[in-house]
Amino acid sequence: MEIGKYSFDLENEPVIMGILNVTPDSFSDGGKWNDIDAALKHTEQMMMDGAKIIDVGGESTRPGYTLIPDEEEIHRVIPVIDEIKKRFDVCVSLDTYKTNVARAGIEAGIDMVNDVWGFKWGAQDMAALVAKTGVAVCVMHNRDNTIYDSYVEDVMLDLKESIDMAHLAGVQDSQIILDPGVGFGKDYQQNLVIIQKVDKLKELGYPILLGTSRKSVIGLTLDVDKNERMAGTVATTVMGYERGCRIFRVHDVKENYQAVMMTKAVMESGLS
């Protein structure tokens, strides 16, 4: 898959996407990287640890998050994106569901939009922007409730709706990545099930991104706080790779990179 000028073999190679939150209120690392120098140092470290994509986010989407104006989000992310693109040769994703913010990010040189509402937010014009500009897009499953008739099938249908919106706007299949949306529009048990059944999404025909890093499903399962969820995250990364996911959005880059590369080596060993 081509993401900007970067080519990824998502059939065979796992890709780590490092999370760079430039927010004061992210659930996990709010305020740590919203200084440009700190953000750049963290970006460099994540690249050294194995990240091939840096996902910049300017608004927290944790449960109960505060919606901020487009202008404020743009003010947070664009200076950081500008500096990353000047200093590093790395693929950059922008974590936003707002068309105006995505447009500003594309003008600043981002390679991908990471849309947690899968084209379904607000005026629903994100798909048109993606089609017009040709950037890659991660289409995440989300909804504003946790009521399903047939859970996994309904997740698939919701994602198909997003894909149909993409096609209607002119987005090419080669631009699309899917995300099951762990932690979004799902209760605790539903989050566990979608991790277990994530291989079903492969039936839709697109690369799969898995984002479980430090999320509440891990904290609830292991009875640990947000600072003690790395091991649980690594476990889900390994399970996700075994089930066909190829991009992993994580805070702890080195540990997840090493775990997924070890998993890959064992799976490809050819021993019987």
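First, a word on scope: everything that follows refers to the structure included in this document. (Residues numbered from 1 in each chain as written. Predicted model: local features only at pLDDT ≥ 70, side-chain atom pairs only at ≥ 80, totals over all residues. Heavy atoms only, no water.)

Considerations on the layout of surface pockets
Here comes step 1: By volume, the second largest pocket amounts to about 170 Å³.
Here comes step 2: Taken together, the residues of the lining of the second largest pocket sort by class into seven nonpolar, three polar and no charged. (1 Å grid on protein atoms, 1.4 Å probe; cavity = no way out; pocket = protein on both sides within 12 Å on 5 of 7 lines; lining within 4 Å. Points joined across faces, edges and corners; volume = space filled by probe spheres on them. Nonpolar A, V, L, I, M, F, W, Y, C, P; charged D, E, K, R; others polar.)

Some words on the pairing of strand E3 (residues 15-21)
Residues in a regular strand project their side chains so that they alternate between the two faces of the sheet.
Here comes step 1: With seven of seven residues buried, E3 lies mostly within the body of the structure.
Here comes step 2: Across the two faces of E3 the burial is the same, with Val15, Met17, Ile19 and Asn21 and Ile16, Gly18 and Leu20 all buried.
Here comes step 3: Here E3 runs beside strand E10 (residues 247-250); their pairing, made up of four bridges, is parallel. When the sheet's bridge partners are listed, glycine 18 is paired in E10 with valine 250.
Here comes step 4: Bridge analysis of E3 against strand E4 (residues 51-57) gives six bridges, and the strand direction is parallel. Paired with isoleucine 19 across the strands is aspartate 55, a residue of E4. (Buried < 20%, exposed > 50% of the residue type's maximum accessible area, 1.4 Å probe, protein only. Helix = DSSP H or I, 4+ residues; strand = E, 2+ residues; numbered from the N terminus. Pairing = 2+ DSSP bridges.)

Things to note about the packing of helix H1 (residues 36-49) against helix H2 (residues 70-87)
Here comes step 1: The geometry of H1 relative to H2 is characterised by a closest axis approach of 10 Å and an angle of 45 degrees between their N-to-C directions. Put simply, H1 runs oblique to H2. Between H1 and H2 lies a crossing of right-handed hand. Taking contact as the criterion, the partners of Ile36, Ala39, Leu40 and Thr43 in H1 are, on H2, Pro79, Val80, Glu83, Ile84 and Arg87.
Here comes step 2: A class-by-class count of the residues in the contact of H1 with H2 yields six nonpolar, one polar and two charged. (Axes fitted to C-alpha atoms, helices over the stretch in contact; angles between N-to-C directions. Parallel < 35°, antiparallel > 145°, perpendicular 65-115°, else oblique. Left-handed = near helix turned anticlockwise from the far one by under 90°. Contact = heavy atoms within 4.5 Å.)

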